[in-house]
Amino acid sequence: MVKSAESLEEFYGHKFSGLSQNLARHAGQFNVFRIEDRIQSNTVSASYIRRDFFKIMLYSGTNNFHYGDRTISVEGSTLLFFNPRVPYTYDSLEPETTGCFCVFKEDFFQESFRINLSELPLFSVGFYPVFKLSDQQHAEIGAIFEKVIAAFEKDYIYKFELIKSYVSELIYLALQLRPASEILGHIDAGSRITSAFMELLERQFPIESASQRFTLRSPKAIADKLSVHVNYLNRAIKKTTGRTTTDHIFERLAAEAKALLKYTDWSIGEISYALGFEDQAHFNNFFKKQTNTNPSSIRKV
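Residues numbered from 1 in each chain as written. Predicted model: local features only at pLDDT ≥ 70, side-chain atom pairs only at ≥ 80, totals over all residues. Heavy atoms only, no water.

Peer 1: Tell me about the pattern of salt bridges, and please be specific about residues and values.
Peer 2: For the coordinates displayed, the defined rule picks out eight salt bridges. In this structure, K220 and D224 form a salt bridge, with 2.9 Å as the shortest nitrogen-oxygen distance. With K220 and D224 both in helix α8 (residues 219-226), this residue pair falls four residues apart, about one helical turn. Since its relative accessible area comes to 47%, D224 is described here as partly exposed. Of the charged contacts, one joins R252 and E256 as a salt bridge, the two residues approaching to 3.5 Å between their closest N and O atoms. In this pair, R252 and E256 both sit in helix α10 (residues 245-263), four residues apart, roughly one turn of the helix. Overall, the relative accessible area of 17% leaves R252 in the buried class. For E256, a relative accessible area of 5% gives the class buried. Among the charged side chains, a salt-bridge network with shared partners connects E202, R252 and E256. (Salt bridge = Lys/Arg side-chain N within 4 Å of Asp/Glu carboxyl O. Helix = DSSP H or I, 4+ residues; strand = E, 2+ residues; numbered from the N terminus. Buried < 20%, exposed > 50% of the residue type's maximum accessible area, 1.4 Å probe, protein only.)

Here's what the structure looks like:
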């Protein structure tokens, strides 16, 4: 069975196995690492799993990041954001890979950071979290990470307040890397209900146990949860996205099915049950229609 999530404490346990005791002493709600140290310490590649913390990574090199059911290929300088609601992993690091990453719990910002991290587009489930950087952008963001590292290594009573300001700067710089229209979206009623629909749909995932069951499989079920008429929901989704409500539900269902087939040892029957199908035959037919392949062929990949 797949493990549901990795805690920050477990993450530290893996990372500190080959790193300095100085870092270990500072383990808490925030930490920062150099990727080169990770390579030298022979730390194993990350498992495909959710973490209960946020991560911001400046990555220089070539790799494949597996985010949800998506594989995102990166090359050169890249800034990536990860949140507790989406499972992820990445391929083995090449020896020449460089960069930094910081990890933190939402609690780290609660006292002095006015915006809820989960409400920021960078950490939302539907936002593409990868930014390819120019040389100038890499230099600017790299300099902020260096300030974070320098502050972290100092014995200074206000150092974590200083670090919060640097991490805030990272976040807001990243928000500038995409046009405001992509980040803020429209504010009409149709777009608001579409956003609420997407959020409610994503909240069902990932499926963490074979005994768990996905139940909001129909537009009517979701409309009832959102306290709107199903016809209004369908019109809003179609107008805003150009696709039907059912299209979105089935696409997300197929994506979760692929992830479960790839990354768990559950039987196909267990997966079909967890995804709300009455029997495996119905699941097989659905999967074939959505992906043009059979569940067993994904399991063999």
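Back to the text.
Peer 1: If you had to explain the sheet that holds strand β5 (residues 63-67) to someone new, which residues and values would you point to?
Peer 2: Read from one edge of the open sheet, three strands run β6-β5-β8, paired in antiparallel fashion. Of all the strands in the sheet, the pair left with one neighbour each is β6 (70-74) and β8 (88-90). With direction set aside, neighbouring strand axes in the sheet form an average angle of 20°. Where β5 and β6 come together, five bridges link them in antiparallel fashion. (Pairing = 2+ DSSP bridges. Axes fitted to C-alpha atoms, helices over the stretch in contact; angles between N-to-C directions.)

Peer 1: Quick one: what's the story with the nonpolar core, residue by residue and with numbers?
Peer 2: Core analysis: the largest hydrophobic core is formed by 33 residues, its most contacted members being F30, I56, F81, F104, F123, F145 and I171. Listing elements by their share of this core, those giving two or more residues are β2 (30-34), β4 (54-60), β7 (77-82), β9 (98-104), α4 (135-152) and α5 (159-175). No other element matches α5, which puts eight residues into this core. I193, F205, F214 and A274 belong to the second largest nonpolar core, which has 31 residues in total. (Core = buried A, V, L, I, M, F, W, Y, C linked by side-chain atoms within 4.5 Å.)

Peer 1: For helix α7 (residues 189-202), give the residues involved together with the corresponding values.
Peer 2: For α7, built from 14 residues, the straight-helix expectation of 20 Å at 1.5 Å per residue is met to within 8% by its first-to-last C-alpha distance of 20 Å. Turning to α7, its buried residues number three or more, namely G190, S191, I193, T194, F197, L200 and L201. (Expected span 1.5 Å × (residues − 1).)

Peer 1: Please set out the environment of K164 residue by residue, giving values where relevant.
Peer 2: Looking at the element boundaries, K164 is found in helix α5. As a C-alpha pair, K164 and F30 span 134 residues in sequence and 9.5 Å in three-dimensional space.

Peer 1: Could you give an account of the packing of α7 against α10, naming the residues involved and the relevant values?
Peer 2: Direction vectors running N to C along α7 and α10 enclose 25°, while the axes themselves pass 11 Å from each other. Relative to α10, the element α7 is oriented roughly parallel. Between α7 and α10 the crossing geometry is right-handed. For the pair α7 and α10, contact is made by F197, M198, L201 and E202 and by T245, H248, I249 and R252, respectively. For the contact of α7 with α10, the class distribution of residues is four nonpolar, two polar and two charged. (Parallel < 35°, antiparallel > 145°, perpendicular 65-115°, else oblique. Left-handed = near helix turned anticlockwise from the far one by under 90°. Contact = heavy atoms within 4.5 Å. Nonpolar A, V, L, I, M, F, W, Y, C, P; charged D, E, K, R; others polar.)

Peer 1: So, the pairing of β9: which residues are in play, and what are the values?
Peer 2: Within β9, six of the seven residues are buried, which leaves the element mostly enclosed by the surrounding structure. As defined by bridge partners, β2 adjoins β9 across five bridges and the pair is classed as antiparallel. Bridge pairing in β9 links F30 to F104. Bridge count between β4 and β9: seven bridges; the pairing is antiparallel. Looking across to β9, one finds that I56 is bridged to C102.

Peer 1: Give a description of the sheet that holds β7 that names residues and reports values.
Peer 2: The strand order across the open sheet built from five strands is β2-β9-β4-β7-β10, with neighbouring strands paired in antiparallel fashion. Taken across any chain shown, the strands that pair with only one partner, and hence form the sheet edges, are β2 and β10 (130-132). Here the strands of the sheet are splayed against their neighbours by 10° on average, with no regard to which way each runs. Examined bridge by bridge, β7 and β10 share three bridges and lie antiparallel to one another. Directly across from T78, in β10, lies its bridge partner K132.

Peer 1: Please provide a residue-by-residue account of the environment of R217, values included.
Peer 2: One can find R217 in the loop between α7 and α8. Residues R217 and G276, 59 residues apart in the sequence, show an inter-C-alpha distance of 7.6 Å. With residues near it in sequence (within four places) discarded, R217 still touches I249, F250, L253, L275, G276 and F277.

By themselves, these observations are geometric and do not establish any function.
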